[in-house]
Amino acid sequence: MIKLNNPSYYINGVLAGNISILSRAITIIESALPAHQKIAQQILSGIAKHNNTSFRLGITGVPGVGKSTFIESFGKILIQKNYKIAVLAIDPSSNISKGSILGDKTRMEDLSKEKNVFIRPSPSSGTLGGVAKATYETMLLCEAAGYDFIIIETVGVGQSETMVSQLTDFFLLLMLAGAGDELQGIKRGIMELADAIVITKADGANINKANSARAEYAHALHLFPPNLSGWIPQVLTCSSTENKGLEQVYTILDNYKNYVTNNGYFFQKRKNQLLDIFHYFLLEKARETFYNNEQNKNKIALAIESINNGNTSVFNLINNI
Ligand SMILES: Nc1nc2c(ncn2[C@@H]2O[C@H](COP(=O)(O)OP(=O)(O)OP(=O)(O)O)[C@@H](O)[C@H]2O)c(=O)[nH]1
Ligand SMILES: [Mg+2]
């Protein structure tokens, strides 16, 4: 049992690409126990200096748009191209409905059997900040284990898609054709984050609708301010069940990677993401330190009492803390 507390066990195992040790290391970084958090930090420092040439793909879209089916079919194409792929899921609803994780596993049945594929469901609890931290660190562990294509799937229902766009190199939005309102609950802000939109289920009787949706979205994207990278977001259609349009999606990702590598944006974006993560968690730490400070606790208690007794000078009270 001693080895389970030994960071080198995890570091060596992860760097050797050992899947069961990778899984255990992820469980440790997801754990809130202080003892685990300490080992987690040592593991992460131990794997920090590996050569990173991965591509991080974020995928979002409303429930049922076909994310898992897309990843199953697109993943097979990536494997044929000799990528090792890791699929991570962020599901903000998974606390309540454990069902969707199970659903994902059955929908990625072929992919999950591949030796070059690692599938990890969403951490099942925690704040969005906590989930972001765990997902980021899990991604680093997967990269250290040799996975060079990281896919993060999230349901397009809340803030989690903004978070995924901040953790990844490329943000892919999947959309349905003709499902009532063409914007089907996906906020304009999310569309603005997209590096590409793919209209799913372009098969059978749905092909014409998919093609006209493609034209509409292409027009809508055209009206948005240009992307910071200079990249022009693309709109495509695909059928994951009939394996159509998936090679084109790959070509777009490849073009994007070449484009942003050549203009320097790729590493600039990663650096900015690191700075954002740094500031976000620094603020969390400052908040915690501030509220846990005994002197502050007393002053805050007195200020609250004063407000309860009718003091309305809130900003004066704050200035005196
Ligand atoms: N005709 C057709 N059906 C598809 C296609 N892709 C997915 N579906 C179906 O759409 C349904 C939902 O697909 P999923 O891949 O589970 O969708 P999801 O976006 O992962 O859903 P959640 O994980 O619940 O958010 C399933 O019944 C799929 O079989 C496609 O390319 N063509
Ligand atoms: Mg799914």
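As shown above, the structure is provided for reference.
Everything in this summary refers to the structure shown in the same document.

The rules behind each value
- Residues numbered from 1 in each chain as written.
- Chains lettered and ligands numbered in written order.
- Predicted model: local features only at pLDDT ≥ 70, side-chain atom pairs only at ≥ 80, totals over all residues.
- Heavy atoms only, no water.
- Salt bridge = Lys/Arg side-chain N within 4 Å of Asp/Glu carboxyl O.
- Helix = DSSP H or I, 4+ residues; strand = E, 2+ residues; numbered from the N terminus.
- Buried < 20%, exposed > 50% of the residue type's maximum accessible area, 1.4 Å probe, protein only.
- Axes fitted to C-alpha atoms, helices over the stretch in contact; angles between N-to-C directions.
- Parallel < 35°, antiparallel > 145°, perpendicular 65-115°, else oblique.
- Contact = heavy atoms within 4.5 Å.
- Nonpolar A, V, L, I, M, F, W, Y, C, P; charged D, E, K, R; others polar.
- Core = buried A, V, L, I, M, F, W, Y, C linked by side-chain atoms within 4.5 Å.
- Domains from an automatic or database assignment.
- Patch = residues over 30% accessible without salt bridge, like charges linked within 9 Å, V, L, I, M, F, W, Y side chains within 5 Å.
- Areas by Shrake-Rupley, 256 points an atom, 1.4 Å probe, with all protein chains shown as cover.

### As for the pattern of salt bridges
Pairing between side chains of opposite charge can happen when their charged atoms approach one another.
For step 1, the next point in the chain: Under the criterion given, the structure shown has nine salt bridges.
For step 2, the next point in the chain: With a closest N to O distance of 2.7 Å, Arg270 and Asp169 form a salt bridge. Placement of the pair is Arg270 in helix H12 (residues 265–292) and Asp169 in the loop between helix H8 (160–167) and strand E5 (170–175), with a sequence separation of 101 residues.
For step 3, the next point in the chain: Taking the relative accessible area as the measure of exposure, Arg270 reaches 10% and is therefore buried.
For step 4, the next point in the chain: Here the salt bridges do not stand alone but share partners, grouping Glu72, Lys76 and Asp110 into one network.

### Things to note about the packing of H12 against helix H13 (residues 294–308)
For step 1, the next point in the chain: Closest axis-to-axis distance for the H12/H13 pair is 5 Å, and the angle between their directions is 70°. By the criterion of interaxial angle, the relationship of H12 to H13 is roughly perpendicular. In contact with Phe290, Tyr291 and Asn292 of H12, H13 contributes Glu294, Asn296, Lys297 and Ile300.
For step 2, the next point in the chain: For the contact of H12 with H13, a count of residues per class yields three nonpolar, two polar and two charged.

### Comments concerning the nonpolar core
For step 1, the next point in the chain: Counting residues in each nonpolar core, the largest one holds 49 residues, and the members touching the most others are Leu22, Leu141, Ile197 and Ile199.
For step 2, the next point in the chain: Here this core gets seven residues from one element, more than from any other, and that element is helix H7 (residues 128–144).
For step 3, the next point in the chain: Both domains that furnish three or more residues to this core are identified here as domain 1 (1–49) and domain 2 (50–261).
For step 4, the next point in the chain: Other than its neighbours up to four places away in sequence, Leu22 contacts Val14, Phe118, Leu141, Cys142, Ala145 and Tyr147.

### Considerations on a nonpolar patch on the surface
For step 1, the next point in the chain: Nonpolar side chains collect at one region of the surface, where Ile307, Val314, Phe315 and Ile318 lie side by side and expose about 390 Å² of accessible area between them.
For step 2, the next point in the chain: In terms of residue count, the dominant contributor to the nonpolar patch is helix H14 (residues 314–319) (three residues).
For step 3, the next point in the chain: Along the chain, Ile318 falls in helix H14.

Functional significance is not addressed by these values, which are geometric in nature.
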